[in-house]
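Take a look at the letters that make up each chain.
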Amino acid sequence: MVIVDWLSQLFDLLPVRGQLDIRCSFGAPWRMEEKNAPVGQIPYHVVLAGRAVLRDPQTGAENCLEAGDILLLPSGAGHILHDGSGEAPVLPSDHQQQHLLLKESAGTGPRLDMLCGRFQLAGFHARMLARYLPEQLIVRAEDGRGKGVSPIVDDTVLHLPADVAEAVRTPTGQHLAMLLGLMRAEAHNPGPGTRAMLNAYSAALLTLALRHASEGKDAPVGLLALAGHPRLNPALIAMLDDPGRNWTLPKFAELCHMSRATLVRHFQDLLGYSANDLLLEIRMMRAANLLEKQDHSTGAVGEMVGYQSEAAFQRAFKNHMGLTPAQWRRSARQEGHRD
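On a predicted model such as this, the values are computed, not experimentally measured, just so you know.

This part is about empty space enclosed by the protein. Enumeration according to the criterion identifies two cavities of 30 Å³ or more in this entry. As a volume, the second largest cavity reaches approximately 30 Å³. In this structure, the second largest cavity is lined by Ile42, Leu72, Pro74, Leu129, Leu133, Leu206 and Leu210. Here the residues of the lining of the second largest cavity sort into seven nonpolar, no polar and no charged.

Listed below in structure tokens is the structure:
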């Protein structure tokens, strides 16, 4: 029997396509402001060289991004990036290259090299990730001991030099640093297939970034904290692997070798939601996928995701998705034909 990890199961449930759109080459002072992303899109930014300051336009809170850091916006929220000097920015010019849009500014201060793209999902898949991931997720290129990693040393490096390998001590950190090296090399030295390669690297970037964040000591509250907790991870894997099983809190507690009360408390503290909330979400995602891709009856789909009564499944699905299963199936297939 093949045991599949939680992250692979998650992306089986929520298929994601990556797309790299823009390379930024800015000299300070510079500033870029992004509006809310369309439904189903998760913007990302990768700082390859230099530094950037992330500003939340709602709260004014700021975070500094260094070389090798990755910023994900699971909620698609608008955001501001700037050089931190407070000076009036030099307006960039746009140059359409063969595979990317190059945004370039002629500022004479410290330079920034950054890649900008997006992950594309179905709207209801994106809403799930937004619910269980932080609004702004910064994945730091560091080893957890505060040592920053600059994984790129020139335009052609495809592997980690010895000093960087020493700095990045976790296997995931090493893989992430190498992936960023590949992305920069391909963006700076395009050739046949560059666009396909950059988009494939983008999809891999999301997986590695989430893995890296879940392995850190300070994984943010939500799905990453839950996945990174060794005693609760079995419950998450069980939900993703077999959502149609007659799961109960005592069964999850037994899997995790803890009491029911302890399980409930840990789920609320780490995830921000109950185990039953997450199980319902996974069941509805699985049901939506089955309705779109398969020709099973509504009752059969309901049974596959844990409902013995078709009426109970109909009620649960409409309450969660806003449409009946039949309406959802028609809408999803019409949308698929338009794509």
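That shown, we press on.
As a further point, take the environment of Leu121. For Leu121, the position within the fold is in the loop between β10 (111–120) and α2 (123–132). The class of Leu121 is buried, set by a relative accessible area of 10%. Once the C-alpha coordinates of Leu121 and Arg17 are considered, the two residues, 104 residues apart in sequence, prove to be 6.7 Å apart.

Pairing is antiparallel in the open sheet, where four strands are placed in the order β2-β7-β4-β5. At either margin of the open sheet sits one strand with a lone partner, and together these are β2 (31–34) and β5 (62–65). Direction aside, neighbouring strands of the sheet carry axes that sit 20° apart on average. Pairing geometry for strand β4 (residues 52–55) and strand β7 (residues 79–82), over three bridges, is antiparallel. Its bridge partner lying in β7, Val53 is registered against His82.

Between its first and last C-alpha, helix α12 (residues 310–321) extends 16 Å over 12 residues, near the 16 Å set by a 1.5 Å rise per residue. Those residues of α12 lying buried are Phe313, Ala316, Phe317 and Met321. For α12, the buried positions fall inside an angular range of 100° around the axis, keeping them on one side. Facing away from the buried side of α12 by more than 90 degrees, the exposed set consists of Arg315 and Asn319. Sitting at the amino-terminal end of α12 is Ser309, which places a side-chain oxygen 3.3 Å from the backbone nitrogen of Ala311. Of the residues one or two after α12, Gly322 is the one with positive phi, at around 85°.

This model, assessed by the stated rule, comprises eight aromatic pairs. Ring centres 4.6 Å apart and planes at 90° place the aromatic pair Phe124 and Trp328 in the edge-to-face group. Taken together, the residues Phe124 in helix α2 and Trp328 in helix α13 (residues 325–338) connect sequence positions 204 residues apart. Grouping residues by exposure puts Phe124 and Trp328 together as buried.

Before going further, it helps to examine the pairing of β5. As paired elements, β4 and β5 share four bridges and run antiparallel to each other. Counted as the bridge partner of Arg55 is Glu62 from β5. Following β4, the chain reverses through six residues before pairing antiparallel with β5; Gly60 in that reversal takes a positive phi of roughly 80°.

The next point concerns the confidence of the model for the chain. Scored by pLDDT, the chain has a mean of 88; 89% of the residues are at 70 or more. This stretch, residues 143–168, has a pLDDT under 50; its non-local contacts, to residues over four places away or in other chains, come to 47 contacts.

Before going further, it helps to examine the packing of helix α1 (residues 6–13) against helix α5 (residues 194–215). Packing of α1 against α5 brings their axes to within 11 Å, and their N-to-C directions diverge by 140°. With respect to α5, the element α1 is oriented oblique. Taken as a pair, α1 and α5 cross one another with a handedness that is right-handed. Facing α1, whose interface residues are Trp6, Leu7 and Phe11, α5 presents Leu206, Thr207, Leu210, Arg211 and Ser214. Classifying every residue of the contact of α1 with α5 gives five nonpolar, two polar and one charged.

A separate point is the nonpolar core. Nonpolar side chains in soluble globular proteins generally cluster together in the buried interior. Of all hydrophobic cores here, the largest spans 78 residues; its most connected members are Leu205, Phe267 and Leu278. The contacts of Leu205, once residues within four sequence positions are left out, are Tyr44, Val46, Ile70, Phe119, Leu176, Leu179, Leu180 and Met183. Counting 18 residues, the second-largest nonpolar core is a separate cluster that includes Ile22, Trp30, Leu54 and Leu73.

A regular strand carries its side chains on alternate faces of the sheet. Along β10, eight of the 10 residues are buried, which leaves the element largely enclosed by surrounding structure. When strand β1 (residues 17–27) meets β10, the two strands line up antiparallel, connected through 10 bridges. Counted as the bridge partner of Ile22 is Cys116 from β10. Bridging between strand β3 (residues 41–49) and β10 involves eight bridges; their strand directions are antiparallel. Looking at β10, one finds that Pro43 is bridged to Arg118.

To continue, consider the pattern of salt bridges. Within the structure shown, the criterion is met by nine salt bridges. A salt bridge links Asp113 to Arg23, with the shortest nitrogen-to-oxygen separation between them at 3.4 Å. Here Asp113 is found in strand β10, whereas its partner Arg23 is found in strand β1, with 90 residues between them in sequence. Taken as a pair, Asp113 and Arg23 share a single burial class, namely buried. The partner of Glu292 in a salt bridge is Lys293, with the nearest N and O atoms 3.6 Å apart. Note on Glu292: relative accessible area 22%, which makes it partly exposed. Linked by salt bridges that have partners in common, Arg23, Asp113 and Arg184 make up one network.

Criteria and thresholds
- The numbers attached to residues start from 1 for each chain and follow its sequence in the written order.
- Residue-level local features of this predicted model are given only where pLDDT is at least 70; pairs of side-chain atoms are given and counted only at 80 or more, and the full residue set underlies all totals for whole chains, interfaces and linings.
- Based on all heavy atoms of the structure, the side-chain values leave hydrogens and waters out of the count.
- Method remark: on a 1 Å grid restricted to protein atoms, a set of points is classed as a cavity if a 1.4 Å probe fits but cannot get out and as a pocket if it is open with protein on both sides within 12 Å along at least five of seven lines; lining residues have an atom within 4 Å of a point.
- Grid points are joined across faces, edges and corners, and a volume is the space filled by probe spheres set on the points.
- Residue classes follow a fixed rule: Ala, Val, Leu, Ile, Met, Phe, Trp, Tyr, Cys and Pro count as nonpolar, while Asp, Glu, Lys and Arg count as charged, and any other residue, Gly among them, counts as polar.
- Counting from the N terminus, the helices are DSSP H or I runs at least four residues long and the strands are E runs at least two residues long.
- Burial status follows relative accessibility: with a 1.4 Å probe on protein chains alone, a residue under 20% of its type maximum counts as buried, one over 50% as exposed, and anything between as partly exposed.
- If DSSP finds at least two bridges between two strands, the strands pair.
- Angles here are taken between N-to-C directions and fall from 0 to 180 degrees, while the axes themselves are lines fitted to C-alpha atoms, restricted in helices to the stretch in contact.
- To estimate how far a helix should reach, multiply one less than its number of residues by 1.5 Å.
- Our arc is simply the arc of the directions from the helix axis toward the C-beta atoms.
- Two N or O atoms form a polar contact when they lie within 3.5 Å of each other; inside protein one atom must be a possible hydrogen donor and the other a possible acceptor, and for residues adjacent in sequence the pair counts only when both atoms belong to side chains.
- Pairing of aromatic rings covers Phe, Tyr and Trp, the last counted by its six-membered ring, and requires centre-to-centre distances within 6.5 Å; plane angles under 30 degrees mean stacked, over 60 mean edge-to-face, and any other angle means tilted.
- Every residue gets a pLDDT, meaning the predictor's confidence in that residue, from 0 to 100.
- We call two residues in contact whenever any of their non-hydrogen atoms come within 4.5 Å of each other.
- Any angle that is under 35 degrees is reported as roughly parallel, and any over 145 degrees as roughly antiparallel; angles of 65 to 115 degrees are reported as roughly perpendicular and all others as oblique.
- Crossings are sorted by hand: turned counterclockwise from the far helix by less than a right angle, the near helix makes the crossing left-handed, and turned clockwise it makes it right-handed.
- By convention a nonpolar core is built from buried Ala, Val, Leu, Ile, Met, Phe, Trp, Tyr and Cys residues, the set being connected through side-chain atoms within 4.5 Å.
- Salt bridge criterion: a side-chain nitrogen from Lys or Arg within 4 Å of a carboxyl oxygen from Asp or Glu.

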